[in-house]
Amino acid sequence: QVQLVESGGGLVQAGGSLRLSCAASGSIFSTYVMGWYRQAPGKQRDLVATVTSGGTINYSDSVKGRFTISRENAKNTVYLQMNSLKPEDTGVYYCYARLRRLGVSAWADYWGQGTQVTVSS
């Protein structure tokens, strides 16, 4: 079994900052991509940022220059530093990982349970 456990969400005023963390645990052989998606009420789940094990980073245009993603490969942990938050950043933030389990040859996608981020105006 693999689990992705997020922490760090909450309520913040516009212009403020939050830091999200997500740790993957379980029978993991290798983790390729880790990242964050978010889902606002009534909308689809959209990419926020991802980072590969080699350090290649991809950001949504809406968060470039404000959010920073990083990871610790040895700990299978990914972080999202969110600065200059806006009300439109409000939503449930989901941790994502593409990884291989021990004894399994195929890569698979895993999701965390989600953490709420609310930015008040």
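Just above sits the structure.
Peer 1: Mind showing me how you'd approach the state of the cysteines here?
Peer 2: Disulfides are covalent bonds that link the sulfur atoms of two cysteine residues. Evaluation of the coordinates by the stated rule reveals 1 disulfide. Covalent S-S linkage joins Cys-22 and Cys-95, the inter-sulfur distance amounting to 2.0 Å. Since a negative S-S torsion denotes a left-handed disulfide, the Cys-22-Cys-95 link at about -85° is left-handed. Residue Cys-22 is located in strand E3 (residues 18-26), and its partner Cys-95 is located in strand E9 (residues 91-101); the two are separated by 73 residues in the primary sequence. Overall, the relative accessible area of 0% leaves Cys-22 in the buried class. Judged by its relative accessible area of 0%, Cys-95 is buried.

Peer 1: Can you help me understand the sheet that holds strand E7 (residues 67-72) in this one?
Peer 2: To summarise the sheet geometry, strands pair through backbone hydrogen bonds and adopt either a parallel or an antiparallel arrangement. Read from one edge of the open sheet, 4 strands run E1-E3-E8-E7, paired in antiparallel fashion. Both edges of this open sheet fall to strand E1 (2-7) and E7, since each of them pairs with a single strand only. On average, each strand axis in the sheet is tilted by 15° relative to the strand beside it, whichever way the strands run. Bridge count between E3 and strand E8 (residues 77-82): 6 bridges; the pairing is antiparallel. Each bridged residue has a counterpart across the sheet, and for Ser-21 the counterpart in E8 is Tyr-79.

Peer 1: Explain the side chain of Ser-21 to me, please; I cannot follow it from the model alone.
Peer 2: Inspection of the secondary structure puts Ser-21 in strand E3. The buried category is assigned to Ser-21, whose relative accessible area is 17%. Non-local contacts of Ser-21, meaning those with residues more than four positions away in its chain, are made with Val-5, Glu-6, Ser-7, Trp-36, Val-78 and Tyr-79.

Peer 1: What should I look at first to understand the nonpolar core in this one?
Peer 2: Counting residues in hydrophobic clusters, the biggest one holds 28 residues, and the most contacted among them are Trp-36, Leu-80, Met-82 and Tyr-93. If you list the elements that add at least two residues to this core, you get E1, E3, strand E4 (28-39), strand E5 (45-52), E7, E8, E9 and strand E11 (115-120).

Peer 1: Would you take a moment to explain the pattern of salt bridges for this structure?
Peer 2: Pairing is possible between side chains of opposite charge, provided their charged atoms come close. Applying the stated criterion to the full structure yields 5 salt bridges. Linking Asp-89 and Arg-38 is a salt bridge whose minimum nitrogen-to-oxygen distance equals 2.9 Å. Here the residue Asp-89 occupies a position in the loop between E8 and E9, and Arg-38 occupies one in strand E4, the gap between them amounting to 51 residues. Neither Asp-89 nor Arg-38 differs from the other in exposure class; each is buried. Residue Lys-75 is joined to Glu-72 by a salt bridge in which the shortest nitrogen-to-oxygen separation is 3.7 Å. You can call Lys-75 exposed: its relative accessible area is 52%. Taken together, the salt bridges that share partners define one network made up of Arg-38, Arg-66 and Asp-89.

Parameters and conventions
- Residues numbered from 1 in each chain as written.
- Predicted model: local features only at pLDDT ≥ 70, side-chain atom pairs only at ≥ 80, totals over all residues.
- Heavy atoms only, no water.
- Disulfide = S-S within 2.5 Å.
- Helix = DSSP H or I, 4+ residues; strand = E, 2+ residues; numbered from the N terminus.
- Buried < 20%, exposed > 50% of the residue type's maximum accessible area, 1.4 Å probe, protein only.
- Pairing = 2+ DSSP bridges.
- Axes fitted to C-alpha atoms, helices over the stretch in contact; angles between N-to-C directions.
- Contact = heavy atoms within 4.5 Å.
- Core = buried A, V, L, I, M, F, W, Y, C linked by side-chain atoms within 4.5 Å.
- Salt bridge = Lys/Arg side-chain N within 4 Å of Asp/Glu carboxyl O.

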